[in-house]
Structures are given as structure tokens and as C-alpha cells.
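Given next are the chains, with one letter for each unit.
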Amino acid sequence: MSEDADDRRRPSFRDFNAVQVHLSLDGIEPRIWRRLIVPLDTTLADMHRIIQAAMGWKDAHLHEFEVGGLTYGDTWSLSAERTDDEARVYDAQEVRMRDFSREPGVTFTYVYGFGDNWRHTVTLEKLVAATPAPKKPSCIDGARCCPPEDVGGTSGYFEFLRVLLAPELGEVDEQRRMKRWSGGRFNPEMFGLAKTDKAVRNALRRARS
């Protein structure tokens, strides 16, 4: 193959229109993770809604992004919770995926629920030149179910799983309570790609309608 032909096949930066994102919930093994394709014009504010849909959270608590030592989020809600001594909050609407480095492997942190403190590592794995250009985010892979909302962070989740899956003598009533509280069918290994992808594709519908 000639060098000219090889150059025609290799996309330039202008051809890239999306980024492949790996999302992983910190502090839990086996890993709870998702892989997403996200348009480059997606803002961090949009990413909040996308992550909520991908993981299965209910968007019931505050959140923030930690990027390069700076905090991004909803400036109104986060600033109301902060003291004058805490770092400034920057507007998540002002940062888009295209603003990050072109080099693969850039990471930042998404924090959800400051009580439970669910920390997610977001990795921008690679730029994508999709045809046609994607107008919506999508989920292409993943594993395992996210913890129930308000379970008490990672330590609370481990205790929840222990009682649910391997209760000690005398914990039968507690196990029944946990089952009812979590909807009766919680399975930590469950992940439905089609259902998750549909939720991710619809994540921005209300925000942009």
C-alpha cells in the first residue's frame, strides 16, 4: 500500500466526532463499569446525565467533577453547600469533551452523593471517527449492576451484599428487609446492555427539549 493511500485511510483530527469513554465505580471489586461513545460536543453537565443513566443512579443527590485539580458542576447548587474557604466551583456547562487532550488515557473523577461518596473514574480511551456522526451518546459494553441508592457508600454496599447473599444465623429478618428495600430482585451481577443503551441514548432528551 502506498504512503498516500495510507494517509487517506487515517482520519485527521477534523474527522473525529466522538470519544470512547470508560466509566468505572471506584472501590468495588469485581469492577462495575460501562463503556460509552459520546459526541465531542457533549458538556460535563451532559456527562452528569449520561453517567446517571449508564450506571442506573436516580439523580437524587448532588454531584461534581474533579478535573485537573478544579471542581466543575452546577455552580448554584454546589456553591450553596460550600464555605468561603472551599475551592471555587466552575460551570460544567462550559467544558466539552473536545476541550480535553487528543491523547488517549485522559482521566477525571465524577463524584455522586456526598454522603455515600460514590467516586467514578472517567477515562477518555480514544477519539472516534464515526459514520454517520453520532447525535446521541450510547453504551456499547459494561458489567454488573450499580449499588442501590442510599445504601451507605462502599462499606454499606459490602454489608448489604453480605446480609443479602450470605446472612448469618439470626439475620433472616434483616435479609428479608434488605430484599424489600432493594426492590426484591437485586442481583449484583446483572447488566442489561440493551436497556442501559436505551437509557443512555435518552439521557439528554429532557435537558435539551
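Residues numbered from 1 in each chain as written. Predicted model: local features only at pLDDT ≥ 70, side-chain atom pairs only at ≥ 80, totals over all residues. Heavy atoms only, no water.

> Can you help me understand the pattern of salt bridges in this one?
Pairing between side chains of opposite charge can happen when their charged atoms approach one another. Taken as a whole, this structure holds 11 salt bridges when the rule is applied. Between R119 and E66 there is a salt bridge, with the nearest N and O atoms lying 2.7 Å from each other. Note that R119 is positioned in strand β7 (residues 118-128) and E66 in strand β3 (residues 63-67), a separation of 53 residues in sequence. The class of E66 is partly exposed, set by a relative accessible area of 26%. Across the pair D197 and R201 runs a salt bridge, and its minimum N-O distance is 2.9 Å. A residue pair is termed a helical-turn pair when its members lie 3 or 4 positions apart in one helix, as D197 and R201 do in helix α6 (residues 193-201) at 4 residues. Here the salt bridges share partners, and the residues they tie into one network are E159, R162, E168 and E171. (Salt bridge = Lys/Arg side-chain N within 4 Å of Asp/Glu carboxyl O. Helix = DSSP H or I, 4+ residues; strand = E, 2+ residues; numbered from the N terminus. Buried < 20%, exposed > 50% of the residue type's maximum accessible area, 1.4 Å probe, protein only.)

> What is the right way to read the environment of P39 from this model?
Mapped onto the fold, P39 is located in strand β2 (residues 33-39). Sequence spacing of P39 and P134 is 95 residues, and the spatial spacing of their C-alpha atoms is 6.1 Å. If we ignore the near neighbours within four places in the chain, the residues touching P39 are N17, A18, M97, P134, K135, K136 and P137. (Contact = heavy atoms within 4.5 Å.)

> How do you make sense of the sheet that holds strand β8 (residues 138-143) when you look at a structure like this?
Across a sheet, strands are paired by hydrogen bonds formed along the backbone, either parallel or antiparallel in direction. One open sheet holds the 8 strands; their spatial order is β5-β4-β3-β6-β7-β1-β2-β8, and the pairing between them is mixed. The open sheet has two edge strands with one neighbour each: β5 (89-91) and β8. Taken over all neighbouring pairs, the strand axes of this sheet differ in orientation by 30° on average, direction set aside. Note: strand β1 (residues 18-25) against β2, 7 bridges, orientation antiparallel. Along β2, the bridge assignment pairs V21 with L36. Sitting on the sheet, α6 is in contact with β2 and β8, with an inclination near 140° to β8. (Pairing = 2+ DSSP bridges. Axes fitted to C-alpha atoms, helices over the stretch in contact; angles between N-to-C directions.)

> Hey, could you run me through the packing of aromatic side chains in this one?
Two descriptors summarise a pair of aromatic rings, namely the distance from one centre to the other and the angle between the planes of the rings. Scanning the model with the defined rule gives 10 aromatic pairs in all. Their ring planes at 40° and their centres at 5.7 Å tell us that Y72 and Y90 sit as a pair that is tilted. Residue Y72 is located in strand β4 (residues 70-73), and its partner Y90 is located in strand β5; the two are separated by 18 residues in the primary sequence. Since its relative accessible area comes to 15%, Y72 is described here as buried. Chaining the aromatic ring pairs together yields one cluster made of F65, F100, F108 and Y110. (Phe/Tyr/Trp six-rings, centres within 6.5 Å; stacked < 30°, edge-to-face > 60°.)

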